[in-house]
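Per-entry structural report
Letter by letter, the chains look like this.
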Amino acid sequence: MKIKHRLEEVVKKNISIMISFFAALSLFGTSVFGKKILDDVEYGQYSLLVTLISIIYTVGLLGGEQLINRTSILKDHKLSLNIDACKLVGGVMVLITPLIISITIYMYSGYFENTDILLIVAISIISNIGYNFFRLTRSFVLSQTIQNLWKLCLLPSILILLVSDYSVTNVFLIVYCGLFFVLTCYLFFNNSKLCFSFNSQTEVLPLVYYAVCMLNIASLTFLAYGERIIIEQKFGLEFFSEYFYGVNIYLFPFLFFSNYIGFKRFVDYKVELTGSLYKSDLLKTCIFSLMIGGCIIIASELLFYLNILDVPENDIYNLKYILLLIGVLKMCYSIQSSVIGVILKSKDLFLINIAFLFLVFISINLVDISSIGYVVTFLCVMWVCRLILSNYFIAKRLL
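Here goes a summary of the coordinates provided. This one's a predicted model, so the numbers in the text were calculated from it and none came from an experiment. (Residues numbered from 1 in each chain as written. Predicted model: local features only at pLDDT ≥ 70, side-chain atom pairs only at ≥ 80, totals over all residues. Heavy atoms only, no water.)

Looking only at helices and strands, the chain has 15 helices and three strands in total. The globule rule puts the C-alpha radius of gyration for 399 residues at 21 Å, and the 21 Å found for the chain is close to it. Projected onto the principal axes, the alpha-carbon positions of the chain cover approximately 55 × 55 × 50 Å. By the burial criterion, 48% of the 399 residues in the chain qualify as buried. Relative to all contacts within the chain whose residues are 6 or more apart in sequence, the contacts with residues 24 or more apart total 83%. Accessible surface, the chain as shown: approximately 20,600 Å² in total, 67% of it carbon and sulfur. (Helix = DSSP H or I, 4+ residues; strand = E, 2+ residues; numbered from the N terminus. Rg over C-alpha atoms; globule rule 2.2 N^0.38 Å. Buried < 20%, exposed > 50% of the residue type's maximum accessible area, 1.4 Å probe, protein only. Contact = heavy atoms within 4.5 Å. Areas by Shrake-Rupley, 256 points an atom, 1.4 Å probe, with all protein chains shown as cover.)

The interhelical angle for the contact between helix H13 (residues 320-343) and helix H15 (residues 372-398), taken along N-to-C directions, is 25°, at an axis separation of 9 Å. Overall, the two elements H13 and H15 adopt an arrangement that is roughly parallel. Taken as a pair, H13 and H15 cross one another with a handedness that is left-handed. Taken together, the residues that form the contact of H13 with H15 break down as 18 nonpolar, four polar and three charged. (Axes fitted to C-alpha atoms, helices over the stretch in contact; angles between N-to-C directions. Parallel < 35°, antiparallel > 145°, perpendicular 65-115°, else oblique. Left-handed = near helix turned anticlockwise from the far one by under 90°. Nonpolar A, V, L, I, M, F, W, Y, C, P; charged D, E, K, R; others polar.)

Quick look at helix H14 (residues 346-364) now. Its 19 residues give H14 an end-to-end C-alpha distance of 27 Å, which sits within 8% of 27 Å, the value for a rise of 1.5 Å per residue. For H14, every residue scored as buried is listed here: Asp348, Leu349, Ile352, Asn353, Phe356, Val360 and Ser363. Taken around the axis of H14, the buried residues stretch over an arc of 120°, which confines them to a single face. Exposed and oriented more than 90 degrees from the buried face of H14 are Lys347, Phe358 and Phe361. (Expected span 1.5 Å × (residues − 1). Arc of directions from axis to C-beta.)

What follows covers the environment of Tyr321. By the element assignment, Tyr321 lies in helix H13. Take Tyr321: its relative accessible area is 54%, and that puts it in the exposed class. Along the sequence, Tyr321 and Tyr250 sit 71 residues apart, while their C-alpha atoms lie 8.8 Å from each other.

Time to look at the pattern of salt bridges. Throughout the structure, instances matching the rule amount to three salt bridges. Between Lys36 and Asp310 there is a salt bridge, and its shortest N-O distance comes to 3.2 Å. Of this pair, Lys36 sits in helix H1 (residues 2-37) while Asp310 sits in the loop between helix H11 (275-305) and helix H12 (314-317), and the two are 274 residues apart along the sequence. Look at Asp310 and you get partly exposed, because its relative accessible area is 24%. A salt bridge links Arg397 to Asp348; the nearest nitrogen and oxygen atoms lie 2.7 Å apart. With a gap of 49 residues between them, Arg397 in helix H15 and Asp348 in helix H14 connect regions that are remote in the sequence. On the basis of relative accessible area, Arg397 is assigned to the partly exposed category, the value being 40%. Judged by its relative accessible area of 4%, Asp348 is buried. (Salt bridge = Lys/Arg side-chain N within 4 Å of Asp/Glu carboxyl O.)

A few words on a nonpolar patch on the surface. Residues Phe33, Ile37, Leu155, Leu159, Leu162, Val163, Leu302, Tyr305, Leu306 and Ile308 make up a contiguous nonpolar surface patch of about 1,000 Å² in total accessible area. Where the nonpolar patch is concerned, the elements lending two or more residues are H1, helix H7 (154-161) and H11. Inspection of the secondary structure assignment puts Ile308 in the loop between H11 and H12. (Patch = residues over 30% accessible without salt bridge, like charges linked within 9 Å, V, L, I, M, F, W, Y side chains within 5 Å.)

Taken as a whole and judged by the stated rule, the model has 16 aromatic pairs. Between the aromatic rings of Phe21 and Phe22, the centroid separation amounts to 5.6 Å while the plane-to-plane angle is 70°, which identifies the pairing as edge-to-face. When the ring of Tyr176 is compared with that of Phe180, the centres are 6.4 Å apart and the planes differ by 70°; the resulting orientation is edge-to-face. With Tyr176 and Phe180 both in helix H8 (residues 168-189) and four residues apart, this pair spans about one turn of that helix. Under the relative-accessibility criterion, Tyr176 is labelled buried at 1%. Residue Phe180 is classed as buried on the basis of its relative accessible area of 17%. Connected via pairs of aromatic rings, a cluster forms that spans Tyr43, Tyr46, Phe240 and Phe244. The cationic tip of Lys320 hangs over the ring face of Tyr317; the distance from NZ or CZ to the ring centre is 3.9 Å. The ring of Phe356 is capped by Arg386, whose NZ or CZ atom sits 5.4 Å from the centre of that ring. (Phe/Tyr/Trp six-rings, centres within 6.5 Å; stacked < 30°, edge-to-face > 60°. Lys NZ or Arg CZ within 6 Å of the ring centre and 35° of its normal.)

Function cannot be inferred from these measures alone, as they are strictly geometric.
The structure is reproduced here in structure tokens:
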């Protein structure tokens, strides 16, 4: 009985992490093995659907969640939101959301129905609000469920496709909207979880800080998905789906570990952060990520040889080492991101993002993007620039 009780405690304590793990596994499994199950058109649409939702989730409230997190107060399990911050974020979202929808429809109306795009954008934004709200109230299981619900829907959607004639998007939206409705009903009948109040206290100027947050979101969205948008627009959906497949094979483990490391180290750095600790963690993370890269090469080649996974197209396969290097850089940046969140001021973050976006603007007009190799190499160079800029400002404050 003691063992059973301890096991229940361990599961209860780590259930939010388990939700994230199974959601990541669902995304990886459907993205990799979906290539064997779906035909080229279906897999192309699936690849674009996942990328579109991922971008919307990353953009979120245009950085507004960072402003609300910064100005909110949690006391005695009661959440108090800053009313000025909420008004500012709400006003910006009302103005910007139609623009986001219009751009999305313009770019992807050839692949999705306009109503599907509206539904995807609306539910994604609502989910983002729910995720950040329950994270602030420390309802981590609920917040992780909301954030990862769309990923958990991917696996049953792919399985339903095997016995139905519906499109990938239609099946996914049916499953997603159904589970989203169930979750909404649960919250409605347990409305004690939705209790909050407003306050007018703030330590930062909302408009200035929000502008910095928006710049940061723009930079990180470009680094995370910029090359995918370029590849889809320049080389077409079929080639994009091949790239999407290759990215999942060679980058997914890095993304999973970088998210975990970033979250864990941020909490630790809030307690203790020194220059020597930063340098030590950066070096350890670099070594660890190189080890992950070696394991990915060995495991992927074995799975290709056993015909468990399809070998990516030659153009993608030949870029595997550059993709792995991008994975290493992302892992290292997860340490820097945690440090930035703890010690850098708004001015520092503003200068980092202005300098970075300027480099992107200049470079993208000078770089030849006539081949996939140039596009991926360009992304890799931009990651190096981001790390150098971040390290410079961290060194000024910490070292």
